[in-house]
Amino acid sequence: MKKSIAGAVAAVSVLLFTITTHSQNTSVQYKTTIVPSYPLSLAYNKTTNLVFPYAIKSVDRGSRDVLAQKAKGVENILLVKAGRENFAETNLSVITTDGKLYSFLLNYSVNPVLLTISFAKDTAVDGRYTSQSGSNEAEMEFTAEKISREKRMLHGIKHKKFEMRLRLNGLYIKSDVLYFQLEVRNNSNLTYDVDMLRLFIRDQKKAERTASQEIELLPLYAYGDTSSVKPQSTSVVVFAFPKFTIPDKKYLLIQLMEKDGGRHLHLDVGNRMIVKAKPSE
């Protein structure tokens, strides 16, 4: 059963991908984000548990035949089951506090194969979900809030475009968790609505026809406003990740995408910077 769950998680670990469409009459690129729906079977007399990496912000059921509620005392686990037997196919949409949308296509099953599905890089211990690093969310929140107030310690890692600037101000380590302090500056008079902020470990540039790999890193915790940056203002956010280093001939890509816009920003970070992360007290 554990292998089945692990396989399912691996299959849906990347829920978002981007298709770039080139207009025939302009050089501007338009990006359309498509969110695939994950197939999910529900039973009438069994509960399916969905574990997310962030707290659940909103839940929308396509039909009243589906019952859904957050687990008592836990903000990132959703309990789902069929409200009646043999319900017609419907859907479920979940939005978490990091702004990510999870879409599910629901069908009835007397005996679902999977009853617990985790989209977080967590490990179940005695029925409780704890991060692989061993740090709980309260500790990470305390550390991230403190780091958000730290003065800039890194220089030169920034990207400017269309009156926007993305900058890596600091890298910190505590209890085997890496914290990235990122600053987004909006020098324009237009609100910058964030579509997504993602981190990848990517191959360095290769010759054409050579296959490349990229691995998306899923954060354990995010601190700060990750939804938008107001005009003429600065937003500081802190992301926490399980400790990692970068293999040879690869680099870390930090990618900030604007919703319904083209002011996309990115940062390239090498392993030399990662291993110099400053301890956080």
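1. What to know about unusual backbone geometry
Thinking step 1. With a phi close to 50°, Gln 232 is a non-glycine residue in the positive phi region.
Thinking step 2. Tracing the backbone through its elements, the reader meets Gln 232 in the loop between β19 (228–229) and β20 (233–242).
Thinking step 3. Owing to a relative accessible area of 42%, Gln 232 belongs among the partly exposed residues under this scheme.

2. Describing the sheet that holds strand β3 (residues 37–42)
Thinking step 1. Strand order in this open sheet of 4 strands is β3-β9-β8-β5, and the pairing throughout is mixed. Unpaired on one side and paired on the other, β3 and β5 (56–61) mark the two borders of the sheet. In this sheet, adjacent strand axes meet at a mean angle of 25° when their direction is disregarded.
Thinking step 2. Two elements, β3 and strand β9 (residues 101–108), share 6 bridges in a ladder whose sense is parallel. In the strand pairing of β9, Leu 40 is matched with Leu 106.

3. Details of the nonpolar core
Thinking step 1. In terms of nonpolar packing, the biggest core is built from 31 residues, with Leu 168, Phe 180, Phe 244, Leu 252, Ile 254 and Ile 274 touching the most fellow members.
Thinking step 2. Those elements that place two or more of their residues in this core are β14 (164–174), β15 (177–186), β16 (192–203), β20, β21 (250–258) and β22 (265–269).
Thinking step 3. Ile 56, Leu 92, Tyr 102 and Leu 114 belong to the second largest nonpolar core, which has 20 residues in total.

4. What to know about the sheet that holds strand β7 (residues 77–82)
Thinking step 1. The sheet built from 4 strands is open, its strands ordered β6-β7-β4-β10 with mixed pairing. Where the open sheet ends on each side, the last strands, each with one partner, are β6 (66–70) and β10 (116–118). Direction aside, the axes of adjacent strands within the sheet are offset by 20° on average.
Thinking step 2. Two strands pair when backbone bridges link them, and strand β4 (residues 48–51) and β7 are joined in this way by 4 bridges, in the antiparallel orientation. Within β7, the position partnered with Thr 48 by the bridge is Val 80.

5. Side note on the pattern of salt bridges
Thinking step 1. Taken as a whole and assessed by the stated rule, the structure comprises 8 salt bridges.
Thinking step 2. Between Asp 65 and Arg 84 there is a salt bridge whose closest N-O contact spans 3.2 Å. In this pair, Asp 65 sits in the loop between β5 and β6 while Arg 84 sits in the loop between β7 and β8 (90–96), placing the two residues 19 residues apart along the sequence.
Thinking step 3. Salt-bridge contacts for Arg 167 lead to Glu 183; the nearest nitrogen and oxygen are separated by 3.0 Å. Here Arg 167 is found in strand β14, whereas its partner Glu 183 is found in strand β15, with 16 residues between them in sequence.
Thinking step 4. Judged by relative accessible area, Arg 167 falls into the buried class, the value being 12%.
Thinking step 5. The exposure class assigned to Glu 183 is buried, which follows from its relative accessible area of 10%.
Thinking step 6. Here the residues in one salt-bridge network are Arg 165, Arg 167 and Glu 183, joined through shared partners.

6. With respect to the packing of aromatic side chains
Both the distance between ring centres and the angle between the ring planes are used here to describe each pair of aromatic rings.
Thinking step 1. All chains considered together, the criterion is met by 11 aromatic pairs.
Thinking step 2. Aromatic pair Tyr 38 and Phe 104: ring centres 6.1 Å apart, planes at 85°, arrangement edge-to-face. With a gap of 66 residues between them, Tyr 38 in strand β3 and Phe 104 in strand β9 connect regions that are remote in the sequence. The burial state of Tyr 38 is the same as that of Phe 104; both residues are buried.
Thinking step 3. Ring geometry for Phe 104 and Phe 119: centres 5.8 Å apart, planes at 65°, overall edge-to-face. Residue Phe 104 is found in strand β9, and its partner Phe 119 is found in the loop between β10 and β11 (122–125); the two are separated by 15 residues along the sequence. With respect to burial, Phe 104 and Phe 119 carry one shared label: buried.

Cut-offs and rules
Residues numbered from 1 in each chain as written. Predicted model: local features only at pLDDT ≥ 70, side-chain atom pairs only at ≥ 80, totals over all residues. Heavy atoms only, no water. Helix = DSSP H or I, 4+ residues; strand = E, 2+ residues; numbered from the N terminus. Buried < 20%, exposed > 50% of the residue type's maximum accessible area, 1.4 Å probe, protein only. Pairing = 2+ DSSP bridges. Axes fitted to C-alpha atoms, helices over the stretch in contact; angles between N-to-C directions. Core = buried A, V, L, I, M, F, W, Y, C linked by side-chain atoms within 4.5 Å. Salt bridge = Lys/Arg side-chain N within 4 Å of Asp/Glu carboxyl O. Phe/Tyr/Trp six-rings, centres within 6.5 Å; stacked < 30°, edge-to-face > 60°.

Note that every value here comes from positions in space, so none of it alone points to a role or purpose.
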